[in-house]
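Here are the chains, one letter per residue:
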Amino acid sequence: MKSSELYALAAKLMPGGVSSPVRAIRPYPFYTLAGKGSRIKTADGQYLIDCCLAYGPLLLGHAHPEIRAAITAQLGNGWLYGTPTPLEPEMAGVVTGDHPSMEMVRFVSTGGEATMSALRAARGFTGKSDIVKVEGGFHGAHDAVLVKAGSGATTLGVPDSAGVLPDLARHTLQVPYNDPEALEGILAKHRDVAAFILEPVLGNIGPVLPEKGYLAEVRSITKAHDVLLIFDEVITGYRLGIGGAQALYGIRPDLTTLGKVLGGGLPIGAFGGRREIMACIAPSGPVYQAGTFSGNPLSLAAGAATLKYLHGLPEAYRRLDEMSRAIGESLPRERRGSFVRLGSMFKYFFRANPPRDYRQAKESDTGAFGEFWKGMLARGIFLPPSQFETNFLSVVHTDEDTTAISEAYRACLS
Ligand SMILES: *Cc1c(COP(=O)(O)O)cnc(C)c1O
């Protein structure tokens, strides 16, 4: 069946025809039959260079032979036991070794579960009720973080989804990214804040990069107010390098959440941090957290193979950075938008200057983006279908791929 036919079926049986809203594309999304290396094959017989990479997890591309071998080996031994497995202490050792701020870690099944649990741990540990997040920061689809900023006069959050209780949303306060004064102001005023959670590099509207010194100021402000700092590194973890954004910028958060790349393409999340905070998690402490599929052997096997690959080839990160630089440098000089990149994350914003926060990113011309996106797809390049989702590169993208991406950019931007 072609994509249009599959979508006609799905639209009758599934809300919006999709399993997650970002996948909806008008008039219908293409359906994928297979992925190999940097490419996917669609139900319509098209081969596309993939710069969406499942919205981040596939740092090693599709069906990487080493990950595949690890999954296959585990499959032969079964794939779920409900008991501890040797993979858990092994993987915990690698993750804590790579992130000195993570003295202990718990594995869960998704990034959203990781942030939900980290926020609960922060509240349980501090005994405080409120959390502060960054406007436009995305931390998964659970109630505490499906919150947007209230009207100008108030910093109290309001629900960003039907079904989220206003009573709950007002415990989630928001500050603009790259604005340490706003954070200082809100923490001076609100005394019941358990944690400040942020993506150290905003990945879900961009990337939007931290200005010089911002993350260090965030660290000292939270410390001064006795508020826990949670780095949501679900995108940046293992993508910006081993040790993620916290290693890149030299910051030690109290808690960290991981996901995406950590599972090599299988479902995973993890949260960890200071030992005394993590000791509050059940069964060693009173903060309840549990999951049937937590630490499941397939995800850990795929994740362990991914981390082994990255540890064995640290220069991969430099090459990824060079690839995004090459794409940026190939763009036409005369252009109306701005190109933002960091390592294997990049984006062209239809806005004159790189945005520094959510409000600026929102000024981008999404109509122009839509036309551009279709043009790129017609030229065989699959970018995430939103101005506000980061494009990704993988270690298996070749120089020919980046040349093809650059040529498509030039054609679509001129
Ligand atoms: C994707 C993402 C999440 C949610 O992860 P899921 O596995 O989709 O639940 C949380 N935080 C950030 C920064 C993300 O990019």
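Residues numbered from 1 in each chain as written. Predicted model: local features only at pLDDT ≥ 70, side-chain atom pairs only at ≥ 80, totals over all residues. Heavy atoms only, no water.

Let us look at the domain arrangement of the protein chain. The domains assigned to the protein chain are domain 1 (31-63 + 314-413) and domain 2 (66-311). Centre-to-centre separation of domain 1 and domain 2, based on C-alpha positions: 25 Å. The interface is formed by 29 residues belonging to domain 1 together with 32 residues belonging to domain 2. Both faces considered, domain 1 and domain 2 share a buried interface measuring about 2,700 Å² in area, 63% of it formed by carbon and sulfur atoms. At the boundary of domain 1 with domain 2, the tally comes to two salt bridges. With a closest N to O distance of 2.7 Å, E211 and R356 form a salt bridge. For the pair domain 1 and domain 2, the number of links is ten residue pairs in polar contact (both at pLDDT 80 or more). Elements with a contribution of two residues or more to the side of domain 1 that touches domain 2: β13 (338-342), β14 (345-349) and α12 (358-362). Among the elements that make up the side of domain 1 that touches domain 2, the one with the highest residue count is β14 (four residues). Residue composition of the side of domain 1 that touches domain 2, by class: 19 nonpolar, four polar and six charged. (Domains from an automatic or database assignment. Contact = heavy atoms within 4.5 Å. Buried area = accessible area lost by both parts, 1.4 Å probe. Salt bridge = Lys/Arg side-chain N within 4 Å of Asp/Glu carboxyl O. Polar contact = N/O pair within 3.5 Å; in protein donor to acceptor, adjacent residues only side chain to side chain. Helix = DSSP H or I, 4+ residues; strand = E, 2+ residues; numbered from the N terminus. Nonpolar A, V, L, I, M, F, W, Y, C, P; charged D, E, K, R; others polar.)

Here we come to the sheet that holds strand β2 (residues 39-42). Ordered in space as β1-β2-β3-β15, the four strands form an open sheet in which the pairing is mixed. Of all the strands in the sheet, the pair left with one neighbour each is β1 (32-36) and β15 (381-382). The pairing of β2 with strand β3 (residues 47-50) spans three bridges and is classified as antiparallel. Residue R39 lies in a different strand from β3, and its bridge partner there is I49. (Pairing = 2+ DSSP bridges.)

Evaluation of the coordinates by the stated rule reveals eleven aromatic pairs. Through pairs of rings, three or more aromatic residues link up here, namely F339, F346, Y348, F350, F369, F372 and Y409. A cation over an aromatic ring shows up here: K362 above the ring of F388, its NZ or CZ 4.4 Å from the ring centre. (Phe/Tyr/Trp six-rings, centres within 6.5 Å; stacked < 30°, edge-to-face > 60°. Lys NZ or Arg CZ within 6 Å of the ring centre and 35° of its normal.)

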